[in-house]
Every structure is written in structure tokens, then in C-alpha cells.
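# Per-entry structural report
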Amino acid sequence: MELNDITIISDDQFKKAITAASLGNAIEWFDFGVYGFLAYVLGKVFFPEASPSVQLVASLATFSVPFLVRPLGGIFFGILGDKFGRQKVLAVTIIIMSVSTFSIGLIPSYATIGIWAPILLLIAKLAQGFSVGGEYTGAAIFVAEYAPDRKRGFLGSWLDFGSIAGFVLGAGVVVSITMLLGQERFEEWGWRIPFFIAGPLGILGMYLRSALDETPTFQKHSESVENGSVKKQSLMEVIQENGRGILICIGLVITTNVTYYMLLTYMPSYLSHNLKYSADHGVLIIIAIMLGILLIQPVIGLLSDRFGRKIFVRAGSLGLFIFSIPAFYLINTGSVVFIFFGLMFLATMLSFFTGVMASILPALFPTHVRYSAMAIAFNISVLVAGFTPTAAAWLVEATSNLYMPAYYLMIIAVIGFLTVNHMKETANRPLRGETPVASDRAEAKEILQAHYDRIEARIESIDEEIERLQKRRGQLIQQHPEIND
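This section reports on the structure supplied with the text. (Residues numbered from 1 in each chain as written. Predicted model: local features only at pLDDT ≥ 70, side-chain atom pairs only at ≥ 80, totals over all residues. Heavy atoms only, no water.)

Quick look at the nonpolar core now. Leu263, Met290, Leu343 and Leu361 are the most contacted members of the largest nonpolar core, which has 118 residues in total. When residues of this core are assigned to their parent elements, the largest contribution, 17 residues, is made by helix α14 (residues 243-274). When neighbours within four sequence positions are excluded, Met290 is seen to be in contact with Phe37, Ile164, Phe167, Val168, Ala171 and Leu264. Ranked by size, the runner-up nonpolar core spans six residues in total, among them Ile6, Ala438, Ile447 and Leu448. (Core = buried A, V, L, I, M, F, W, Y, C linked by side-chain atoms within 4.5 Å. Buried < 20%, exposed > 50% of the residue type's maximum accessible area, 1.4 Å probe, protein only. Helix = DSSP H or I, 4+ residues; strand = E, 2+ residues; numbered from the N terminus. Contact = heavy atoms within 4.5 Å.)

Right, let's get into helix α7 (residues 116-146). The end-to-end C-alpha distance of α7, which contains 31 residues, comes to 45 Å, matching closely the 45 Å that a straight helix rising 1.5 Å per residue would cover. Along α7, the sharpest change in direction is near 30° and occurs at Ser131. With 23 of 31 residues buried, α7 lies mostly within the body of the structure. (Expected span 1.5 Å × (residues − 1). Bend = angle between axes of the 7 residues up to and from the residue.)

So, about the packing of aromatic side chains. Enumeration over the complete set of coordinates arrives at 14 aromatic pairs. A ring pair is formed by Tyr270 and Phe328, whose centres lie 5.8 Å apart and whose planes are at 85°; its orientation type is edge-to-face. Of this pair, Tyr270 sits in helix α14 while Phe328 sits in helix α16 (residues 310-331), and the two are 58 residues apart along the sequence. When the centroid spacing of 5.9 Å and the interplanar angle of 65° are considered together, the rings of Phe312 and Phe352 count as edge-to-face. (Phe/Tyr/Trp six-rings, centres within 6.5 Å; stacked < 30°, edge-to-face > 60°.)

A separate point is the pattern of salt bridges. Applying the stated rule across the entire model yields nine salt bridges. Ionic pairing is found between Arg370 and Glu145, a salt bridge with its closest N-O pair at 2.8 Å. Residue Arg370 is found in helix α18 (residues 370-385), and its partner Glu145 is found in helix α7; the two are separated by 225 residues along the sequence. As far as the burial class goes, Arg370 and Glu145 line up, both buried. (Salt bridge = Lys/Arg side-chain N within 4 Å of Asp/Glu carboxyl O.)

Here it is in C-alpha cells:
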């Protein structure tokens, strides 16, 4: 390796990349947040003939069903992303996602058009799920391929910062509109406004993404394809040759996203429906929790660049397993202070995962299959995790046990702990199969010197081993003269 082999990315380049990628993620999670906080209203609007409990489960099921098509979207956009580039695909996914979210606000109620209301809602959610299948994976890869190796954890953490910011924005919009219009008018027509906001946000995101250059890593890959040095692979070959990375990705994403959906999508309904807690107060507590996550998450990413990613995944898994029941005990006390601390603990464990996930997952796969392999693994995992709100609501209703969500999280924590034990450390290392990326020439020289120092240390280690073996050989010949050379 020589100095010219190290890619140098300027501050302006990766700031633009992170801003554009994070905004798309924020729009995605803006809708998820709005939908989660409006689950009880949407149940009344689209499933008015059912009981309140069935309305809640039905509206959450409509949230979960689109996850069935996410793997299809992941495969479709993953193949396109590996063939035509990350930037082009991300510009398309944000358009589909924004249009489908905006259209939910246009759907008439069940009282107006009958059964067509929930059907149209489901169609909009399916379109959204298809586009989201390529959104997060593409955004994570885009940031990872732009980020310098020594800053990938910190810079990658801003991607999920965008996710939480989208949740906060969604929750804030719901609360603000409810306060302005009053509960009656909000349930009548005000609930549509949050979905309309996705329109202008999508236009802004599309503009930012269209103005970006393709990642330097993919540009180098494209040159290799043109030179014929990279062979094309079928989907089955991609899965077979990257089986270990796919399994690790599935384990990590299931652990992260189940915790995500449990805390940020299901808990508002759990507080209002099961604990009979004021819906407005429940939303305000969740907003406060999310603001706490926004502060913690970049710190986790920054620390992971120094101490590694594995330590945080391991700590989050252990914490979730040991303290989920105590956390739900606090939540079930009914005290605002105890509810806050119970939720804040779960939020901290979630931050341990989300703070490092965007920097771990892209590093599991080589460039020529990174988008397709990661999209397959990620969306299979999200397919499982996406049913968390529905499953948790059903388990609580079926068993009348308010601690079922805690048991659910404990099982997921075991998956996280087993997965991290089979994962290689990715901090401060190039993406798989790539040369290093630095933020300036001075850092590139440091990386190059460290590279040669490692080679030199390895050579010295080999020389010492050769010398030890030669001494041992001499000893054996003295002890056993019959041994020939």
C-alpha cells in the first residue's frame, strides 16, 4: 500500500453525505413516529366497528404488514444499488416514501367509503414498506463509504440520530396539533396534517440527495467492473459467499429494531391503553426520552471509535436481559418519575445499539455486494422485528400480563449477546476488502505509517519464531543424532 491508495474525504464531502442520508431516515421515522402516536386515532377512523382493544391491534397490524414487502424492496433496490450506485437509488426511495406517506393523509375514513378506507391505507403502507426496504441500508452504506475509518462510528451514529429526530418531530407535531385543535377536531380531521408534512420534507430530501456525488468507494468499484476485475454474481452466490455476515447482520438488526419498536412505537399505546395513563402525558414522556437518546447516541458513536463497537452491543444486550423486568416494574407504578426512569433505561440500552449499528453493518460485506447483501439481511430482520408492536399488544391482551413486553425483550437480548460473540471488531478498520479512508493527508500518512509498523512487527514476530524453531531443531539434533536434516 502507498499513500495514493488511501482515499481522502474532505469535511465538506462527508457533511453533505450525512445530512442528505440522515434527512431521508428522519422522514422514514417521522411517519413511523406519527403512526405509532396516532394508532389509537387511526383505529377509530379506519376500524370503527371493532372494540377499542381490537382497533388498537388492527391499526398496529397495518403498521406491521408492510414489513412483509420490505425484503422484496431490499432485494430490488439492493441489486440496483450495487449495479448503478448508491446515490441514484437513494434519490428514488425518498420520492416513493414521501408520496406514500403524503397519500395516507388523503384517504377518506371508513364512515365515508367503507372497507376501501383500510384497503387504501394498507396499499399506501405497502408502497412505503417497499421503498423503505432500500432506504436505511442505502443510507448507512452511503455514510459508511464516505466516512474516514477513524470517524465512522461517530459519523454513522448521526444516521440513527436522524431516525430519532424524525420520531421527535412526528411526536411534536402530533402533540402541537392536538393542543391547537382539541381532541375532537383532531380525531375528526387534524390527524391528517402530520402526514401532509411529509410532502415538503420529501422534496427537500430529494433535492439534497440529487446534488450529491457517488461515494468514492463505489466509484473505484465501478472502475474495477469496467476493467473486468470484478465478476458478476447471482443472488444465491451473494448469499452463499456472505452467509456469516448475513447471519450476524440479522442478529444485530433484530435485537436493535425489536427494542426500537417496543419503546418508540408500542409504548405510547401501552401507556394509554393498558395503563390508562393520559395519552398526552404519555406522548410528552416519550418525547423527553427521545430527546435523551439524541444526546446519548452521538456520544456512543464517538466512544465506539476509541473503544470498539462490540463492547456497546454486549453491554446493551446484558443490560436488556437483566433490567427489562425492573424497568417495566417502574413503568407500571403509575408515577411519572418512575415511568420516566423505566423508559429512560430502555432508551439507554437502545442507544448502545443504534449508536454503532450504522458503522457495523456496512463493514460486514465487500463493496460489490454490500447493498444487496445488507439489504437482504436487514429487511429479513426487520420483517421479524416489525411485528413487535402487534405481538406485544396481542400477548398482553391474551395473557393479561403487563410484563409480557419485558419477557419479549429478554429473549431478544439473548440473540444480541450470542451474535456479538461471533462478530469481528470493525472499529478503526477499512470496510471489508477496501483500502483505508482518511479525513486529510496528515491522517493518511499516519495510517500508512501504522500499516508499515504492523508489517514490521509481523516480520519481527516471524523472525523470532524462526529463530526459536532453529534453536529447537539444534537441541533435537544434539539429543538425537540420528535425526537428519
